[in-house]
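# Geometric and topological summary
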Amino acid sequence: MGYKWKALAIVNLGSLMGSIDATVLVIGFPSVARELGASLVEMVWVLMIYLVMGTALVLSLGRLSDMKGRKRLYTAGFVVFIVGSGLCGFAASGLELVLFRAVQGVGGAMLIANSFAIVSDAFSPAERGRAFGVNTIVWGAGSVLGIALGGFILAITTWRWIFWINLPIGVAATAIGMLVLRESVTPNPRETFDFAAAFLFVGGLISFLFGVTQGILSSWTAPLTLGPILLAAPLLAGFVVWELRVSRDPILPLSLFRSWSFSASLLATVLQGLALFATNFVLMIYFQGIRHVSVLNASYLLLPLFVALMVVGPIGGRLSDRWGARFLSTLGLVVQAAALLLLSQLSASTPLGLVAVYEGLLGVGGGLFFPANTAAIMSSAPRNRFGVASGAMMTFRNTAVALSYVVALVALTSRLPPGVGAQLFGGSFNPASLGLSPATLESTFISGMHSAFLLAALFVGAAAVFSALRGRRQEGVTGAAFPREGGAPHRGLEEALPFPPTRGENPAVAPPRNPT
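Definitions and cut-offs
- Per chain, residues are indexed from 1 in the order of the written sequence.
- Side-chain atom pairs in this predicted model are given and counted only at pLDDT of 80 or more, local residue features only at pLDDT of at least 70, and totals for whole chains, interfaces and linings cover all residues.
- With hydrogens and water stripped out, all remaining heavy atoms of the structure feed into the side-chain values.
- Under the scheme used here, helices are H or I runs from DSSP no shorter than 4 residues and strands are E runs no shorter than 2 residues, and both carry numbers assigned from the N terminus.
- Burial here depends on accessible area, computed with a 1.4 Å probe over protein chains only, as a share of the maximum for the residue type. Under 20% is buried, over 50% is exposed, and the range in between is partly exposed.
- Any two residues having at least one pair of non-hydrogen atoms within 4.5 Å are treated as being in contact.
- Computed by Shrake-Rupley with a 1.4 Å probe, the accessible areas treat only the displayed protein chains as cover when residues are assessed.
- Any pair of nitrogen or oxygen atoms within 3.5 Å is treated as a polar contact; in protein, a donor-acceptor pairing is required on top of that, and neighbouring residues in sequence qualify only through side-chain atoms on both sides.
- Salt bridges are counted wherever a side-chain nitrogen of Lys or Arg sits within 4 Å of a carboxyl oxygen of Asp or Glu.
- Like-charged residues are merged into a patch within 9 Å and nonpolar side chains (Val, Leu, Ile, Met, Phe, Trp, Tyr) within 5 Å, provided each residue has over 30% relative accessible area and no salt bridge.
- Throughout, an axis means a line fitted to C-alpha atoms (over the contacting stretch in the case of helices), and angles, computed between N-to-C directions, take values from 0 to 180 degrees.
- Every angle not falling under 35 degrees, over 145, or within 65 to 115 is termed oblique; those three ranges are roughly parallel, roughly antiparallel and roughly perpendicular.
- Crossings are sorted by hand: turned counterclockwise from the far helix by less than a right angle, the near helix makes the crossing left-handed, and turned clockwise it makes it right-handed.
- When two rings of Phe, Tyr or Trp (its six-membered ring) have centres within 6.5 Å they constitute a pair, described as stacked for plane angles under 30 degrees, edge-to-face for angles over 60, and tilted for the intermediate range.
- Per residue, pLDDT measures the predictor's confidence, with a range of 0 to 100.
- All amino acids are sorted into three groups, where Ala, Val, Leu, Ile, Met, Phe, Trp, Tyr, Cys and Pro are nonpolar, Asp, Glu, Lys and Arg are charged, and the leftover types, Gly among them, are polar.

## Looking at the overall build of the protein
Counting secondary structure elements, the protein contains 19 helices and zero strands. Residues classed as buried in the protein amount to 57% of the 516 residues present. Within the protein, contacts between residues separated by at least 24 positions form 82% of all contacts whose residues are at least 6 apart in sequence. Surface summary for the protein: the accessible area is close to 19,900 Å², and the carbon and sulfur share equals 70%.

Written as structure tokens, this is what we have:
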């Protein structure tokens, strides 16, 4: 097995661990809350703190990996993640579980910040779509496996094994990673880490996400909601000013956004994430609240989406290497927009088999979009900024994930009393407490669900526009640093951006300037 496939296998182990952890926790959510006696607020933060830590830290960690080494931070991420997982399994209260999930989130951020960079280092631009397509198999398989494992674990033992299941995978991945991965970064003593920029960015993003979460839990006009959101604005604005005017070694070189391919691909990622990451959440409410399906069976009903993603992902990746990211990504988004429009027509009597078909369409679209768009983002950045590009992509994507829940909850509960969104998000909703008849409640939720899916279709449609307008430059083998076949070379990123082409790189693994 060549090195590139070994590197991809190790990255896939991290992806498998993360995808299992995400779905298995959803299955065990009620059991965890009951045994720990955790409040709704604590349980919502058990879910959100992982996302908050991963979103806020991934950009700084991506920059650090570009400076100090991707292998070092990636393998250290496994160690931190398994330590956090082990502690989560020993949690004695809801508050302890929140704190230990934060540790797990730091490890997850270290893995996320480096995974796409390691794959991009190992594979040439002409093969990255294929590599990211294989990675979607793992995410889909992990999601399916997480659902099955969750049901199995809760049937035979304690929920604590939901977290401890990560330990053998993480230990194996750490050992294999230390033995197999090559370090592709040579530390440059002249480069420094900008702690002031990191403080402004991390502080601003955590403040914003904290305010958003409090808005879900209580009220959008409460001081604990408005205060952090208002505080985030000057912190994030200060970060932009600092990066542009002061920083010698920026955490996020804003000149990356001069590449229209990078900017358009990133915008497509944000809009697609804003639309779709809460789709499973909305469907779970539909299955349980409207169709009266159990939590485990409702999870099984989500399998068509993950299976379709798993099957189509590698095909989409291979085709994007051949045809370019623009066509495949745009096609995938169009398919997803069509599926969302179909979902917006669901009723209380829609055959569940038909719902499964619509979910399958969402998975097909995702399998076409994710590998191609990820390859386009990574191929639009110079090699010595792969960590930053990977971190920026995941920061924007995770922020969109958090906001997608807000959009979905607002649409679902716009006609219901305050506080219902928190109950829905935490799985403790009691319809009888509202004093509404079942028919009225059903009608209200279906109307809100239609609004949520229509709004999601609008976001995905906007993402398709940006995807179509990204142009053909910097896609796969026709990337900016590579010449056109039979023609003059493009003006590369090394010329367009103020980055020396080999700064922080190991010349032994630098890409050839001519792929032929």
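We are not done yet, so read on.
## Things to note about the side chain of Arg160
For Arg160, the position within the fold is in the loop between helix H5 (128–156) and helix H6 (161–164). A polar atom in the side chain of Arg160 sits 3.5 Å from the side chain of Glu35. For Arg160, the side chain forms a polar contact with the main-chain oxygen of Gly89, separated by 2.8 Å.

## Observations concerning unusual backbone geometry
Its identity as a non-glycine residue notwithstanding, His292 has a phi of 55 degrees, on the positive side. Mapped onto the secondary structure, His292 falls in the loop between helix H11 (279–290) and helix H12 (295–300). Relative accessible area serves as the criterion here: at 65%, His292 is assigned to the exposed category.

## Quick look at the pattern of salt bridges
Oppositely charged side chains are able to pair whenever their charged atoms sit close together. A full pass over the atoms with the stated rule returns three salt bridges. Here Arg70 and Asp121 are joined by a salt bridge, their closest N and O atoms 2.3 Å apart. With Arg70 in helix H3 (residues 70–89) and Asp121 in helix H4 (residues 94–122), this pair connects stretches of sequence that are 51 residues apart. Given a relative accessible area of 3%, Arg70 falls into the buried group.

## Focus on a nonpolar patch on the surface
Taken together, the side chains of Val79, Val83 and Leu87 present a nonpolar region at the surface, about 210 Å² in accessible area. By the secondary structure assignment, Val83 is in helix H3.

## Here we look at the packing of H3 against helix H7 (residues 166–180)
In the contact formed by H3 and H7, the axes pass within 9 Å of each other and the chain directions differ by 165 degrees. With respect to each other, H3 and H7 are oriented roughly antiparallel. As H3 packs across H7, the resulting crossing turns out to be left-handed. Contacts between H3 and H7 involve Lys71, Thr75, Phe78, Val79, Phe81, Ile82, Ser85 and Gly86 from the former and Asn166, Leu167, Gly170, Val171, Ala173, Thr174, Gly177 and Met178 from the latter.

## Here's the deal with the packing of aromatic side chains
For any pair of aromatic rings, the description rests on two quantities: the centre-to-centre distance and the angle between the ring planes. Tallying each qualifying case throughout the model produces 14 aromatic pairs. When the ring of Tyr50 is compared with that of Phe81, the centres are 6.4 Å apart and the planes differ by 85 degrees; the resulting orientation is edge-to-face. Placement of Tyr50 in helix H2 (residues 40–68) and of Phe81 in helix H3 is noted, with a sequence separation of 31 residues between them. You can call Phe81 buried: its relative accessible area is 1%.

## With respect to the side chain of Gln272
Here Gln272 is to be found in helix H10 (residues 260–276). Note on Gln272: relative accessible area 1%, which makes it buried. Setting aside chain neighbours within four positions, we find Gln272 in contact with Phe277, Leu333, Gln336, Phe369, Phe370 and Ala463.

## So, the confidence of the model for the protein
Of all residues in the protein, 85% have pLDDT values of 70 or greater, and the mean over the chain is 79. Every residue in residues 473–516 scores below 50 in pLDDT, and together they form 86 contacts with partners more than four places removed in sequence or on other chains.

## What about the environment of Ala38?
By the element assignment, Ala38 lies in the loop between helix H1 (3–36) and H2. A relative accessible area of 16% places Ala38 in the buried class. Distance from Ala38 to Ala92, taken between C-alpha atoms, is 9.9 Å for residues 54 residues apart in sequence.

## Quick look at the environment of Lys68
Looking at the secondary structure, you find Lys68 in helix H2. We classify Lys68 as partly exposed; its relative accessible area is 42%. In sequence terms Lys68 and Glu191 are 123 residues apart; their C-alpha atoms lie 9.7 Å from each other.

## What about the packing of helix H13 (residues 303–323) against helix H15 (residues 352–379)?
The N-to-C vectors of H13 and H15 enclose an angle of 30 degrees; their axes lie 6 Å apart at closest approach. What the angle tells us is that H13 and H15 run roughly parallel. Where H13 crosses over H15, the handedness of that crossing is right-handed. Of the residues in H15, those touching H13 at Leu303, Pro304, Leu305, Ala308, Leu309, Val312, Gly313, Gly316, Gly317 and Ser320 are Ala356, Glu359, Gly360, Leu362, Gly363, Val364, Gly366, Gly367, Leu368, Phe370, Pro371 and Ala372. Here the residues of the contact of H13 with H15 are counted per class, giving 13 nonpolar, eight polar and one charged.

## Side note on the environment of Ala233
With respect to the helices and strands, the residue Ala233 is situated in helix H9 (residues 223–245). The sequence separation of Ala233 and Gly204 amounts to 29 residues, and the corresponding C-alpha distance is 7.0 Å.

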